[in-house]
Amino acid sequence: AQTVTQSQPEMSVQEAETVTLSCTYDTSESDYYLFWYKQPPSRQMILVIRQEAYKQQNATENRFSVNFQKAAKSFSLKISDSQLGDAAMYFCAYRSPEASRYTGNQFYFGTGTSLTVIP
Amino acid sequence: EAQVTQNPRYLITVTGKKLTVTCSQNMNHEYMSWYRQDPGLGLRQIYYSMNVEVTDKGDVPEGYKVSRKEKRNFPLILESPSPNQTSLYFCASSLRRLGGPQYFGPGTRLLVL
């Protein structure tokens, strides 16, 4: 099965600075999708950004961008101009395009990185 | 409004008392799943369903049951809850194809005494 690893349990950043959260994954598939989710103190899971593996261009959503390195199986999230509202748990997620013949499961999550924003 | 709803949002119960957490989505999604979230362990999948009447175990299915009789509903059943099932539970749904993300419900916080 695919695995997703977030090696940084906790990170901190000064307000207005830039921070990068790391995510690596293991897969033998060539086509897949990657996501970053944000979980603020409210516990709601909020989609931040989505990347399609067949697209070489890195996805960007306002202050959030990714560095997708397919060969290295790396998918890091960069948050620019950090704001207090960015403080949250961030989860990296992998999705297979279709159910494999071994399992119908398609989604795999990392263990999360807790981001603190320092005023 | 497109959404995933869960009920109840908070629940305190006692060991052995059967309970059901409901989950419903209005986006016509085929794929639905249940996760539990515990500190330091991230999201662990309990069960998932690829379509009506099709369910399968995730990583931590012991002590849980699910059913998928209708496309929009995917209830989670704890027939005999135990304290180690105290957790935050999320229901999620997505289209089965097209690589879309999962959309999550607001979560259900369960305490088993």
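Below is a short write-up of the structure. (Residues numbered from 1 in each chain as written. Chains lettered and ligands numbered in written order. Predicted model: local features only at pLDDT ≥ 70, side-chain atom pairs only at ≥ 80, totals over all residues. Heavy atoms only, no water.)

1. A closer look at the overall build of chain A
- Helices and strands together make up the secondary structure of chain A, namely zero helices and twelve strands.
- Going from N to C terminus, chain A has its helices and strands arranged as β-β-β-β-β-β-β-β-β-β-β-β.
- For chain A, the C-alpha radius of gyration of 14 Å lies close to 14 Å, the compact-globule estimate for 119 residues.
- Classification of the 119 residues of chain A by burial places 48% in the buried group.
- Contacts in chain A between residues at least 24 apart in sequence constitute 56% of all its contacts with a sequence separation of at least 6.
- For chain A, the computed accessible surface area is about 5800 Å², with 47% contributed by carbon and sulfur atoms.
- Computing the positive centroid from 10 side-chain charges and the negative centroid from 11, chain A places the two 5 Å apart. (Helix = DSSP H or I, 4+ residues; strand = E, 2+ residues; numbered from the N terminus. Rg over C-alpha atoms; globule rule 2.2 N^0.38 Å. Buried < 20%, exposed > 50% of the residue type's maximum accessible area, 1.4 Å probe, protein only. Contact = heavy atoms within 4.5 Å. Areas by Shrake-Rupley, 256 points an atom, 1.4 Å probe, with all protein chains shown as cover. Lys, Arg positive; Asp, Glu negative; His and termini not counted. Charge placed at Lys NZ, Arg CZ, Asp CG, Glu CD.)

2. So, the interface of chain A and chain B
- In this complex, chain A contributes 22 residues to the contact, which on the side of chain B involves 25 residues.
- Where chain A abuts chain B, roughly 1900 Å² becomes buried across the two surfaces, and 50% of that area is made up of carbon and sulfur atoms.
- The interface formed by chain A and chain B includes zero salt bridges.
- Where chain A packs against chain B, one counts five residue pairs in polar contact (both at pLDDT 80 or more).
- Mapped onto the side of chain A that touches chain B, the elements with two or more residues apiece are β5 (33-39), β6 (46-52), β10 (88-95) and β11 (107-109) of chain A. (Buried area = accessible area lost by both parts, 1.4 Å probe. Salt bridge = Lys/Arg side-chain N within 4 Å of Asp/Glu carboxyl O. Polar contact = N/O pair within 3.5 Å; in protein donor to acceptor, adjacent residues only side chain to side chain.)

3. As for a nonpolar patch on the surface
- Taken together, the side chains of Ile12, Val14, Leu111 and Leu113 of chain B make up a nonpolar region of the molecular surface, amounting to roughly 380 Å² of accessible area.
- Secondary-structure assignment places Ile12 of chain B in strand β2 (residues 10-13). (Patch = residues over 30% accessible without salt bridge, like charges linked within 9 Å, V, L, I, M, F, W, Y side chains within 5 Å.)

4. Remarks on the sheet that holds strand β1 (residues 4-7) of chain B
All names here are of chain B.
- Taken together, the four strands give an open sheet; going across it, the order is β1-β3-β8-β7, and neighbouring strands pair in antiparallel fashion. In the strand order of this sheet, the two ends are held by β1 and β7 (65-66), each with one partner.
- Pairing analysis gives four bridges linking β1 to strand β3 (residues 19-25), with the strands arranged antiparallel. The residue bridging Gln6 from the neighbouring strand is Cys23, located in β3. (Pairing = 2+ DSSP bridges.)

5. Examining the packing of aromatic side chains
- On inspection of all chains with the given rule, the structure shows 16 aromatic pairs over all chains.
- The interplanar angle of 75° and the centroid separation of 5.9 Å between the aromatic rings of Phe109 of chain A and Phe104 of chain B together place this pair among those described as edge-to-face. Placement of Phe109 of chain A in strand β11 and of Phe104 of chain B in strand β10 (residues 103-104) is noted, with the two residues assigned to different chains.
- Using a relative accessible area of 11% as the deciding quantity, one classes Phe109 of chain A as buried.
- Exposure remark for Phe104 of chain B: the relative accessible area of 7% places this residue in the buried category.
- Through a chain of ring-to-ring contacts, the aromatic side chains of Phe35, Tyr37 and Phe109 of chain A together with Tyr35, Phe90 and Phe104 of chain B assemble into a single cluster. (Phe/Tyr/Trp six-rings, centres within 6.5 Å; stacked < 30°, edge-to-face > 60°.)

6. Quick word on unusual backbone geometry
- In this model, Asn7 of chain B is joined to Pro8 of chain B through a cis peptide bond whose omega is -5°.
- Locating Pro8 of chain B in the fold gives a position in the loop between β1 and β2.
- Here Asn62 of chain A, not a glycine, exhibits a phi torsion of approximately 55°, which is positive.
- Structurally, Asn62 of chain A can be placed in the loop between β7 (60-61) and β8 (64-69).
- The class of Asn62 of chain A is exposed, set by a relative accessible area of 75%.
- For Glu53 of chain B, which is not a glycine, the phi torsion comes out positive at approximately 65°.
- Considering the arrangement of structural elements, one finds Glu53 of chain B in the loop between β5 (42-51) and β6 (54-57).

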